[in-house]
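# Secondary and tertiary structure notes
Residue-level listing of the chains:
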Amino acid sequence: MACLNIHKMCQKPENEKDEYTFDGSVDKHGQPAVRERTGRWFAGVLLLVNQGLATLAFFGVGVNLVLFLTRVMGQDNAEAANNVSKWTGTVYIFSLLGAFLSDSYWGRYKTCAIFQAIFVAGVVSLSLTSYIFLVKPKGCGDENNPCGSHSTISVVLFYVSIYLIALGNGGYQPTIATFGADQFDEDHPQESHSKVAFFSYFYLALNLGSLFSNTILGYFEDKGMWTLGFWASAGSAILALVLFLIGTPRYRHFKPTGNPLSRFCQVVVSATRKWKVEQSSRGDELYEGEGQEPAENGNRRILHTDGFKFLDKAAIITSKDGENNPWRLCAVSQIEEVKCILRLLPIWLCTILYSVVFTQMASLFVEQGAAMKTTVSGFHIPPASMSSFDILSVAAFIFIYRRVLDPLVARLKKSAPRGLTELQRMGVGLIIAIMAMVAAGIVEHFRLKSADKDCSSCTNSSSLSIFWQVPQYVLIGASEVFMYVGQLEFFNGQAPDGLKSFGSALCMTSISLGNYVSSLLVSIVMKISTTDKMPGWIPGNLNKGHLDRFYFLLAALTAADFLVYLICAKWYKYIKFEERSIEKQHGEKQGDLKV
């Protein structure tokens, strides 16, 4: 029998050189995926380039949107900032929509293709609207020449365009990361290492795409060449979509598993109905499900774990349970899905405060830089361009971590096949974020000492060079490699097989909530710190405030968050899957996938 099983495991689909993947993935026809002809780095590289080009296109619009609203659309600073905040928040809300459709109904390939097409339509529409209606008269839209008024139809077209961009990018972003990871078989020794590496390279591609937008495109748009910048974004978005479609024959797929919200609610309702039912301490009477093949469609059953025992009542069979009524009786694996999400939430909540630190790069770091000496040998350095040091730091630390730190830690631990776990890396990210805030506070302390207190405006009012900001940008970049890349790996690996895109969406919503918490924190600090003799810690003129105290406050809050994170990480129990049966490599049930 053992020989027979080995023969089945090694059996080839068409010839001796062919081998099926072990994880249950399928090709575009819904047939079991052949390892040599699907997925791996051919598909992975296409998706990485796709991500870089799509990010370039998105930030080509988003990085200077507030300037476009003020200089071209004629809005004041407060109205423009508010509209950008609404637009950015909408992007992250749509990320949840994309993740839901991907995991539940459409599958990851179809979701990526549809939302990318919407994204392209939005960028092209914005380019045409700007060229035909908005950037009039010709040459307007720079710092000195605001554009004239616009008709109602042109304003409507503008908002339709940017919200199409928000819808397309939001729905695409959480899905593409998971779809890229799908191209590597985590049950295969070599491909499993490639899958881990993919998340690092994915984040690198995202940063490299934004680097071009923040520098080259940002420069042209700042000079009023909006149409050129938007058409460059449109060309990048179109090229990204074309590259994505080119890889269609080589992609690996997993079949969507249906609505996760209904499965979640079924467990809660069933457990609530049976809240008086007694259960044994052993848990051996729990319903395991009937007529279900293990690891069907690549989705593994989740093994029973202790904790949240109240939910286990949903799997206790009673005389009142009807046949095939999921609102009265749920399988153990379905209950474990709910437990898994509940266990992930505390970890996710601890990442929100890190995102508050991360968002300072786009706001207070820029304002701080504007109040420093921004000229070197007569050349003006835009304060926003200092974020390039963050991107370069991300690229450098991804290389350092993967090539130096990870192998070194693995050798020191000896018992571990790889270095730091995802939870450990996220903890390191929080520590480095604390260091970044301390560094920013120290720089601000010395900036205030060298500032001209009598200057009516804080722009260039300090003799301290803007290059003293480099350490805080570098530290933020290093922390991203540990925190955000660790998040991508952790939420993707620990989410149930049917909720992988939801795991990626958690990362995006963490950044979104970080923006909102940052705004709330600034408002609270200003209200408390403003007195008759002092205009608060973060006034319009930074020379009259104490931005350094705000940075130190963030460092203290992040330190407290780190302590809470340690408790949550220690409490967290890793999800345990039933091992896939490799004998199912010829599973005909996977032939229903439609892409």
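Residues numbered from 1 in each chain as written. Predicted model: local features only at pLDDT ≥ 70, side-chain atom pairs only at ≥ 80, totals over all residues. Heavy atoms only, no water.

### Description of the overall build of the protein chain
Where we set the bar: By definition, any uninterrupted DSSP run of H or I lasting at least four residues is a helix, any uninterrupted run of E lasting at least two residues is a strand, and each is numbered from the N terminus. Summary of the burial criterion: residues with accessible area below 20% of their type's maximum are buried, those above 50% are exposed, and those between are partly exposed, where the area comes from a 1.4 Å probe applied to protein chains only. We call two residues in contact when some of their heavy atoms are within 4.5 Å. For accessible areas, the Shrake-Rupley method is used with a probe of radius 1.4 Å. Any residue's cover is judged against the shown protein chains and nothing else.
When helices and strands are tallied, the protein chain shows 17 helices and 2 strands. Taken over 595 residues, the protein chain has a buried fraction of 54%. Sequence separation of 24 or more characterises 81% of the internal contacts of the protein chain that already satisfy a separation of 6 or more. In the form shown here, the protein chain has an accessible surface area of approximately 26500 Å², with 64% of it arising from carbon and sulfur atoms.

### Observations regarding the environment of Q424
Of note, Q424 is situated in helix 14 (residues 422–449). For Q424, a relative accessible area of 38% puts it in the partly exposed group. Distance from Q424 to A569, taken between C-alpha atoms, is 8.5 Å for residues 145 residues apart in sequence.

### Some words on the nonpolar core
The condition that has to hold: Here the nonpolar core consists of buried residues drawn from Ala, Val, Leu, Ile, Met, Phe, Trp, Tyr and Cys, with membership extended through side-chain atoms lying within 4.5 Å. Note that the domain bounds reflect an automated or database-derived domain assignment.
F244, Y251, I347, F365, F490, F550 and Y565 are the most contacted members of the largest nonpolar core, which totals 91 residues. Ranked by residue count, the leading element in this core is helix 11 (residues 332–359), at 11 residues. Structurally, this core is a two-domain feature, drawing no fewer than three residues from each of domain 1 (19–255) and domain 3 (337–452 + 461–575). Apart from the residues lying within four places of it in its own chain, the contact partners of F365 are Q360, M437, A440, Q469, Q472, Y473, I476 and Y551. By size, the runner-up hydrophobic cluster in this structure holds 29 residues, among which are A57, V61, F119 and V120.

### Quick look at the state of the cysteines
Let me state the cut-off plainly: A pair of cysteine sulfur atoms is labelled a disulfide when the two atoms are within 2.5 Å.
Overall, the coordinates contain 1 disulfide when judged by the stated rule. At a sulfur-sulfur separation of 2.0 Å, the disulfide partner of C140 is C147. Taking the torsion about the sulfur-sulfur bond, which here is approximately 85 degrees, the covalent link between C140 and C147 counts as right-handed. The burial state of C140 is the same as that of C147; both residues are buried. The cysteine C568 is free of any disulfide, with C350 supplying the nearest cysteine sulfur at 4.0 Å. Looking at C568, the relative accessible area reads 13%, which means it is buried.

### Details of unusual backbone geometry
In this structure, the amide linkage connecting K136 to the following residue, P137, adopts the cis form with an omega of 0 degrees. One can find P137 in the loop between helix 5 (108–134) and helix 6 (152–182). Of note, the phi angle at R40 is positive, near 60 degrees, even though the residue is not glycine. You can see R40 is positioned in helix 2 (residues 40–62). Phi at F308 takes a positive value of approximately 50 degrees, unusual for a residue other than glycine. On the basis of relative accessibility, which here comes to 32%, the residue F308 falls in the partly exposed class.

### Remarks on the side chain of D312
Rules: What qualifies as a polar contact is a pair of N or O atoms within 3.5 Å, subject to a donor-acceptor requirement within protein and to the restriction that residues adjacent in sequence count only when both atoms come from side chains.
Following the sequence through the fold, D312 ends up in helix 10 (residues 309–312). Classification of D312 by relative accessible area gives buried; the value is 2%. Of note is the side chain of D312, whose polar atom sits 2.9 Å from the side chain of K339.

### Side note on the pattern of salt bridges
For clarity, the cut-off: Each salt bridge in this description consists of a side-chain nitrogen of Lys or Arg and a carboxyl oxygen of Asp or Glu lying within 4 Å of one another.
Taken as a whole and assessed by the stated rule, the structure comprises 13 salt bridges. Across the pair D182 and R108 runs a salt bridge whose closest N-O atoms are separated by 2.5 Å. Here D182, found in helix 6, pairs with R108, found in helix 5; they are 74 residues apart in sequence, far enough to count as distant. In this structure, D182 and R108 share a single accessibility class: buried. Across the pair R263 and E337 runs a salt bridge whose closest N-O atoms are separated by 3.1 Å. Note that R263 is positioned in helix 9 (residues 260–273) and E337 in helix 11, a separation of 74 residues in sequence. The exposure class of R263 is buried, given its relative accessible area of 13%. The network of salt bridges with common partners includes R35, D185, E191 and R252.

### Comments concerning the packing of aromatic side chains
Given two aromatic rings, their pairing is described by the distance between the two centres and the angle made by the two planes. Here is the rule we go by: Working definition: a ring pair exists when centres of Phe, Tyr or Trp rings (six-membered ring for Trp) sit within 6.5 Å. Plane angles under 30 degrees give stacked, over 60 give edge-to-face, the rest tilted.
Tallying each qualifying case throughout the model produces 32 aromatic pairs. Seen in terms of ring centroids, F100 and Y105 are 5.9 Å apart; in terms of plane orientation they differ by 75 degrees. Their pairing is edge-to-face. For F100, a relative accessible area of 25% gives the class partly exposed. Take Y105: its relative accessible area is 47%, and that puts it in the partly exposed class.

### Some points on the environment of L342
Its place among the elements puts L342 in helix 11. Residue L342 is classed as partly exposed on the basis of its relative accessible area of 27%. Between the C-alpha atom of L342 and that of F308, which follows or precedes it by 34 residues, the distance is 9.0 Å. When residues no more than four places from it in sequence are discounted, the contact partners of L342 are F308 and L311.

### Description of the packing of helix 13 (residues 387–413) against helix 15 (residues 470–494)
For clarity, the threshold we go by: Structural elements are reduced to axes, namely lines fitted to C-alpha atoms, with helices fitted over the stretch in contact, and the angle between N-to-C directions of any two is expressed from 0 to 180 degrees. Angular relationships are summarised with four words: roughly parallel below 35 degrees, roughly antiparallel beyond 145, roughly perpendicular across 65 to 115, and oblique for the angles in between. Crossings are sorted by hand: turned counterclockwise from the far helix by less than a right angle, the near helix makes the crossing left-handed, and turned clockwise it makes it right-handed.
Taken N-terminus to C-terminus, the directions of helix 13 and helix 15 make an angle of 45 degrees; their axes are 7 Å apart at the nearest point. Taken together, helix 13 and helix 15 sit at an angle that is classed as oblique. In this structure, the crossing between helix 13 and helix 15 has a hand that is right-handed. Residues S387, F389, D390, S393, V394, F397, I398, Y401 and L405 of helix 13 pack against V470, Y473, V474, I476, G477, A478, E480, V481 and F482 of helix 15.

### A few points about a nonpolar patch on the surface
The line we're drawing: Patch definition: residues above 30% relative accessible area lacking any salt bridge, with like charges linked at up to 9 Å and the nonpolar side chains Val, Leu, Ile, Met, Phe, Trp and Tyr linked at up to 5 Å.
Together, L128, Y131, I132, F133, I153, V156, L157, V160 and W231 make up a nonpolar patch on the protein surface, roughly 800 Å² of accessible area in all. Tracing the backbone shows V156 in helix 6.

Treat this as a map of the structure, not an account of what it does.
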